[in-house]
Amino acid sequence: MTNPGLKIKTLLTDPLTIAIGASVFLLLVGELLSPGFAQGSQIVRLLTIAAILGIVAAGQNLVILGGREGIDLSVGAMISLGAVLAGNMMNGQNAGIPLAILVAGGIPFLIGLINGLGITFVRIPPLVMTLGMTAVIQGGLVVYSQGVPSGAAAPLLAGFINRPLIFGIPGVLFVWLGIAAIMLFVLRRTAFGFSIYAIGSNERAATLVGLPVPLIRTLLYGLSGLFAGLTGVCVIGYTGTSFISVGDQYVLPSIIAVVIGGTSLAGGAGGYVGTMAGAVALTILQSVLITLNLDVWARQIIFGVTLLALMLLYGRQKQLRV
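Parameters and conventions
- Residues numbered from 1 in each chain as written.
- Predicted model: local features only at pLDDT ≥ 70, side-chain atom pairs only at ≥ 80, totals over all residues.
- Heavy atoms only, no water.
- Helix = DSSP H or I, 4+ residues; strand = E, 2+ residues; numbered from the N terminus.
- Contact = heavy atoms within 4.5 Å.
- Areas by Shrake-Rupley, 256 points an atom, 1.4 Å probe, with all protein chains shown as cover.
- Buried < 20%, exposed > 50% of the residue type's maximum accessible area, 1.4 Å probe, protein only.
- Axes fitted to C-alpha atoms, helices over the stretch in contact; angles between N-to-C directions.
- Parallel < 35°, antiparallel > 145°, perpendicular 65-115°, else oblique.
- Left-handed = near helix turned anticlockwise from the far one by under 90°.
- Nonpolar A, V, L, I, M, F, W, Y, C, P; charged D, E, K, R; others polar.
- Core = buried A, V, L, I, M, F, W, Y, C linked by side-chain atoms within 4.5 Å.
- Expected span 1.5 Å × (residues − 1).
- Patch = residues over 30% accessible without salt bridge, like charges linked within 9 Å, V, L, I, M, F, W, Y side chains within 5 Å.
- Salt bridge = Lys/Arg side-chain N within 4 Å of Asp/Glu carboxyl O.

**Quick word on the overall build of the protein**
Then, number 1: Counting its secondary structure elements, the protein contains 14 helices and 2 strands.
Then, number 2: Based on the C-alpha atoms only, the size of the protein along its principal axes is roughly 65 × 55 × 35 Å.
Then, number 3: In the protein, 77% of the contacts between residues at least 6 apart in sequence involve partners at least 24 apart.
Then, number 4: For the protein, the exposed surface amounts to about 14,800 Å²; the carbon and sulfur share of it is 72%.

Here's what the structure looks like:
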């Protein structure tokens, strides 16, 4: 017979349950601090911000699932690159949107592949490789833009990201749901998804059974770059303009969102549904901290403490595919 107490204990320690519960709790706290915080329009705004974080976290999720202590620290610079490129491609004109998306997604994808090649074949540690690539991208952006904000979002893109599309829901949320559907299908229903879990769980065993480990790991970093670049497109659509450090604020939150959702930093266990819940919880937390008028440095400290606390909470648990 199933032990009800064990089921309740499992539910209470499940990362997805914790993330959803934290979101509800933080909404209540925000409402107490600022009446109207949990009203419908505010929730839609929070979900819009969470969607942008959730898109870059999708790539981070794949890299972490792939194991070998995979964390992509270059996503912030990739977002900035995508935003700057998209802004200059569009320059406020709707006709430039297709080319902007292609360039802003394609170039970070190629840079991500370079990250993957360095990590896989040259055996550079992921943190070192992606941190070094961050410096390269930032230097390139300074040369490209001369350190001056340039370009602008097309009105159609800005409207798609910010204004209600259907039933009061902005278009970016539908994009996020589409990405979620693709992620879930790939991770749960395809050989590629099963290979990611196998490599993250035991790379040596995956190699012995004939999985193309170097190719898959390289592709994961390429996909991380792609998602980061597309996030840059969303960022410039949300803000209207771009600058060379606009993506820096997403690096740590993209990692924390993945961890909050229950994906093991050791790789091989976790999933994107949890990461989505983590992105929502983290976005609400950010908004509550802003409501408290905390400085940026104070919020960064809280993010770091949150990550450490989650590692203590989840580090020894058996992680499940969510």
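**Brief notes about the environment of G76**
Then, number 1: Mapped onto the elements of the fold, G76 is located in helix α4 (residues 75-90).
Then, number 2: Residue G76 is classed as buried on the basis of its relative accessible area, which comes to 0%.
Then, number 3: Separated by 21 residues in the primary sequence, G76 and I97 place their C-alpha atoms 22 Å from one another.
Then, number 4: In contact with G76, other than residues within four places in its own chain, are G247, D248 and V251.

**Here's the deal with the packing of helix α3 (residues 40-65) against helix α13 (residues 272-291)**
Then, number 1: Their axes nearest at 8 Å, the elements α3 and α13 cross at an angle of 130 degrees. Taken as axis vectors, α3 and α13 run oblique relative to one another. The chirality of how α3 crosses α13 is right-handed. Here α3 contributes Q42, R45, L46, L47, I49, A50, L53, G54, I55, A57, A58 and N61 to the contact with α13, which in turn contributes Y272, T275, A279, V280, L282, T283, I284 and S287.
Then, number 2: Taken together, the residues of the contact of α3 with α13 break down into 13 nonpolar, 6 polar and 1 charged.

**Quick notes on the nonpolar core**
Then, number 1: Counting residues in each nonpolar core, the largest one holds 84 residues, and the members touching the most others are L62, M90, I137, W176, M183, Y272 and I284.
Then, number 2: Considering every element that reaches this core, the biggest residue donor is α3, with 13 residues.
Then, number 3: Contact partners of M90, with chain neighbours within four places excluded, come to G96, I97, A100, A152, A153, A154, L157 and I236.

**Concerning the side chain of T48**
Then, number 1: Among the secondary structure elements, T48 is positioned in helix α3.
Then, number 2: By relative accessible area, which is 4% here, T48 ends up buried.
Then, number 3: Setting aside residues no more than four positions away along its own chain, T48 makes contact with I161, P170, V172, L173 and Y238.

**What to know about α4**
Then, number 1: Its 16 residues give α4 an end-to-end C-alpha distance of 22 Å, which sits within 8% of 22 Å, the value for a rise of 1.5 Å per residue.
Then, number 2: With respect to burial, α4 is a largely interior element, 14 of its 16 residues being buried.
Then, number 3: At the exit of α4 stands N91, carrying a positive phi of roughly 50 degrees.

**Here we look at the side chain of S80**
Then, number 1: By the secondary structure assignment, S80 is in helix α4.
Then, number 2: Using a relative accessible area of 0% as the deciding quantity, one classes S80 as buried.
Then, number 3: Residue contacts for S80: discarding those within four places in its chain leaves L141, F243, I244, S245, V246, G247 and D248.

**Regarding a nonpolar patch on the surface**
Then, number 1: The grouping of F160, L165, I166, F167, F174, V175 and L177 at the surface amounts to a nonpolar patch, some 680 Å² of accessible area in total.
Then, number 2: Elements with a minimum of two residues in the nonpolar patch: β1 (164-166) and α8 (171-189).
Then, number 3: Note on placement: V175 falls in helix α8.
Then, number 4: For V175, a relative accessible area of 32% puts it in the partly exposed group.

**Thoughts on unusual backbone geometry**
Then, number 1: Here the phi dihedral of N91 falls at roughly 50 degrees; this positive angle occurs in a residue that is not glycine.
Then, number 2: For F167, which is not a glycine, the phi torsion comes out positive at approximately 55 degrees.
Then, number 3: Here F167 falls in the exposed class, since its relative accessible area comes to 80%.

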